[in-house]
Amino acid sequence: MPDPVKTIRRALREGREVSAREALALTPLLPASLRDIVEAALAANVAAPSAAAPAPFACGILNAKSGRCGEDCAFCAQSRYHECGTPVYPLVPEEAMLERARILSEHGVRRMGIVTSGAAPSEREIDRICAAARRIRDTFPIALCASLGMLDAAKARRLREAGFTRYHHNLETARSFYPAICSSHAYEGRIATLHAAREAGLELCSGGLFGMGESWEQRIELAVTLRELDVDSIPVNFLMPVAGTRLGETRPLEAQEGLGIVALFRILHPGRDIVLCGGRGRTLGEWDRTAFPFGANGIMVGDYLTAKGNAFARDMELLDVLGVRHA
């Protein structure tokens, strides 16, 4: 039987995409042969002729509108179907958006995401977010991402004109597993949003949440779908079970499995940003800096949507190790 690591290294040297079947052949090596997986992930950064190794960076977010979302995503503490004690508030004032941009930029953070709960933004919310974006763009050296739910072409164009350069909209999981996670809107709607953002000239940030009960096959299925969509950045989130959600009793992934996920996404996405986001502290713990040899090149710093992240000081130490300069 062919050595799966050698097969992948050969594919990368030849400049061809690693197939889903080739990636899946690595999974029986987990967690015993993490060193072999690292070798394959490192090869993905250096061996593919068409893919330059992505530079390390940090991003951060502002939870600009929280709670009472009408969607029924099984993991989400902001869904109105779950009783989690999540803070509920409307879109924050423009000055709050600028203040978050100031804090992040002072810490050397390269990108800021403005995130709102709910299926889709209203026209009034788009007006306010775009007004804030223009001021941030003119005041701080930080790129802007939007994560506002479902998007049509007209709203995507408005965001682009206001200064947003990237749109974030996770697929969350594989198409085959999605019905177990969400029934209030279709998978095709998520993909249509990504197409609308791309057509408006926005870069795409889309990834998944892992540890919800999906199989390795489904993780690779998601990775291949994201490759077909040609996304620019892939957030890797690990489930942080929240009491009151349908997944509140789920056991978090172990660090070795989380690292394997990072490695597989790097192998299937040479040259793209692989960003450690929500749940990295819970799943990876002190292993989070180890995730960079496995293929990650970015981290989300500060707090997440409804959960505390690492202290800035700790993340700044990690960025120092990676060579990311900050104030």
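Note: the structure precedes this text.
As the structure is a computational prediction, the values presented were derived from the model and not from experiment. (Residues numbered from 1 in each chain as written. Predicted model: local features only at pLDDT ≥ 70, side-chain atom pairs only at ≥ 80, totals over all residues. Heavy atoms only, no water.)

Visitor: What is the right way to look at helix 1 (residues 4–13) in this model?
Guide: Residues spaced three or four apart along an α-helix face the same direction, because each turn holds 3.6 residues. Considered for burial, the residues of helix 1 that qualify are Pro4, Val5, Thr7, Ile8, Ala11 and Leu12. Looking down the long axis of helix 1, one finds its buried residues gathered within 160 degrees of arc, a one-sided arrangement. Residues of helix 1 that are exposed and angled more than 90 degrees away from the buried face: Lys6 and Arg13. Where helix 1 begins, one side-chain oxygen reaches toward the backbone nitrogen of Val5, 2.8 Å away; that side chain belongs to Asp3. Looking one or two places after helix 1, you find Gly15, whose phi comes out positive at around 75 degrees. (Buried < 20%, exposed > 50% of the residue type's maximum accessible area, 1.4 Å probe, protein only. Helix = DSSP H or I, 4+ residues; strand = E, 2+ residues; numbered from the N terminus. Arc of directions from axis to C-beta. Polar contact = N/O pair within 3.5 Å; in protein donor to acceptor, adjacent residues only side chain to side chain.)

Visitor: Where do I start with the environment of Leu226 in this structure?
Guide: Turning to its location among the elements, Leu226 is positioned in helix 8 (residues 216–228). Between the C-alpha atom of Leu226 and that of His269, which follows or precedes it by 43 residues, the distance is 8.9 Å. Among residues more than four places away in sequence, those in contact with Leu226 are Leu171, Ser206, Gly207, Val231, Ile234, Phe265 and His269. (Contact = heavy atoms within 4.5 Å.)

Visitor: Looking at this model, I keep getting lost on the pattern of salt bridges. Mind explaining?
Guide: For side chains of opposite charge, pairing can occur when their charged atoms come near one another. Here the structure, examined in full by the defined rule, presents 21 salt bridges. The salt bridge partner of Arg102 is Glu106, with a shortest N-O separation of 3.0 Å. Remark: Glu106 and Arg102 occur in helix 4 (residues 94–106); sequence separation between them is 4 residues, near one turn of the helix. With relative accessibility at 29%, the residue Arg102 sits in the partly exposed group. Classification of Glu106 by relative accessible area gives partly exposed; the value is 42%. Among the salt bridges present, the one from Asp230 reaches Arg272, with a minimum N-O distance of 2.3 Å. (Salt bridge = Lys/Arg side-chain N within 4 Å of Asp/Glu carboxyl O.)

Visitor: Which parts of the structure should I look at to understand a positive patch on the surface?
Guide: There is a patch of like positive charges on the surface, built from Lys6, Arg9, Arg10 and Arg13. Inspection of the secondary structure assignment puts Arg9 in helix 1. The exposure class assigned to Arg9 is partly exposed, which follows from its relative accessible area of 33%. (Patch = residues over 30% accessible without salt bridge, like charges linked within 9 Å, V, L, I, M, F, W, Y side chains within 5 Å. Areas by Shrake-Rupley, 256 points an atom, 1.4 Å probe, with all protein chains shown as cover. Lys, Arg positive; Asp, Glu negative; His and termini not counted. Charge placed at Lys NZ, Arg CZ, Asp CG, Glu CD.)

Visitor: Would you take a moment to explain empty space enclosed by the protein for this structure?
Guide: Using a probe with the size of a water molecule, rolled over the atoms, empty space left in the structure can be pinpointed. Counted under the stated rule, the structure contains 1 cavity of 30 Å³ or more. Of the volumes computed, that of the largest cavity is approximately 30 Å³. Residue lining of the largest cavity: Trp216, Arg219, Ile220, Ala223, Ile261, Leu264 and Phe265, and that is the complete set. Contributing elements (two or more residues each) for the lining of the largest cavity: helix 8 and helix 9 (255–268). No other element matches the 4 residues that helix 8 contributes to the lining of the largest cavity. (1 Å grid on protein atoms, 1.4 Å probe; cavity = no way out; pocket = protein on both sides within 12 Å on 5 of 7 lines; lining within 4 Å. Points joined across faces, edges and corners; volume = space filled by probe spheres on them.)

Visitor: Where do I start with the pairing of strand 7 (residues 233–238) in this structure?
Guide: The two faces of the sheet receive side chains in turn, since in a regular strand these alternate between them. Counting buried positions along strand 7 yields 6 of 6 residues, so the element is predominantly enclosed. Alternating residues of strand 7 divide into Ser233, Pro235 and Asn237 and Ile234, Val236 and Phe238, and every residue in both groups is buried. Relative to strand 7, strand 6 (residues 208–210) is paired through 3 bridges, and the arrangement is parallel. What sits directly across from Gly208, in strand 7, is Val236. On the question of chirality, the crossover connecting strand 6 to the parallel strand 7 by way of helix 8 is right-handed. Two strands pair when backbone bridges link them, and strand 7 and strand 8 (residues 273–276) are joined in this way by 4 bridges, in the parallel orientation. What sits directly across from Val236, in strand 8, is Leu276. (Pairing = 2+ DSSP bridges. Right-handed = clockwise from strand over helix to strand, strands pointing away.)

Visitor: For this particular structure, what's the right way to read helix 5 (residues 123–139)?
Guide: Taking 1.5 Å of rise per residue, 17 residues should cover 24 Å, and helix 5 covers 25 Å from first to last C-alpha, within 8% of that figure. Where helix 5 is concerned, the buried positions are Glu125, Ile126, Ile129, Cys130, Ala132, Ala133 and Ile136. Where the residues of helix 5 are buried, they touch strand 1 (57–65), helix 4, strand 2 (111–116), strand 3 (143–147), helix 6 (153–162) and strand 4 (164–168). (Expected span 1.5 Å × (residues − 1).)

Visitor: Explanation requested: the state of the cysteines in the structure shown.
Guide: What we call a disulfide is simply a covalent bond connecting the sulfur atoms of a pair of cysteines. In total, this model carries 0 disulfides according to the counting rule given. Left without a disulfide partner, Cys59 is nearest to the cysteine sulfur of Cys277, which lies 5.3 Å away. The exposure class assigned to Cys59 is buried, which follows from its relative accessible area of 13%. As a non-bridged cysteine, Cys145 has Cys205 as the owner of its nearest cysteine sulfur, 6.3 Å distant. (Disulfide = S-S within 2.5 Å.)

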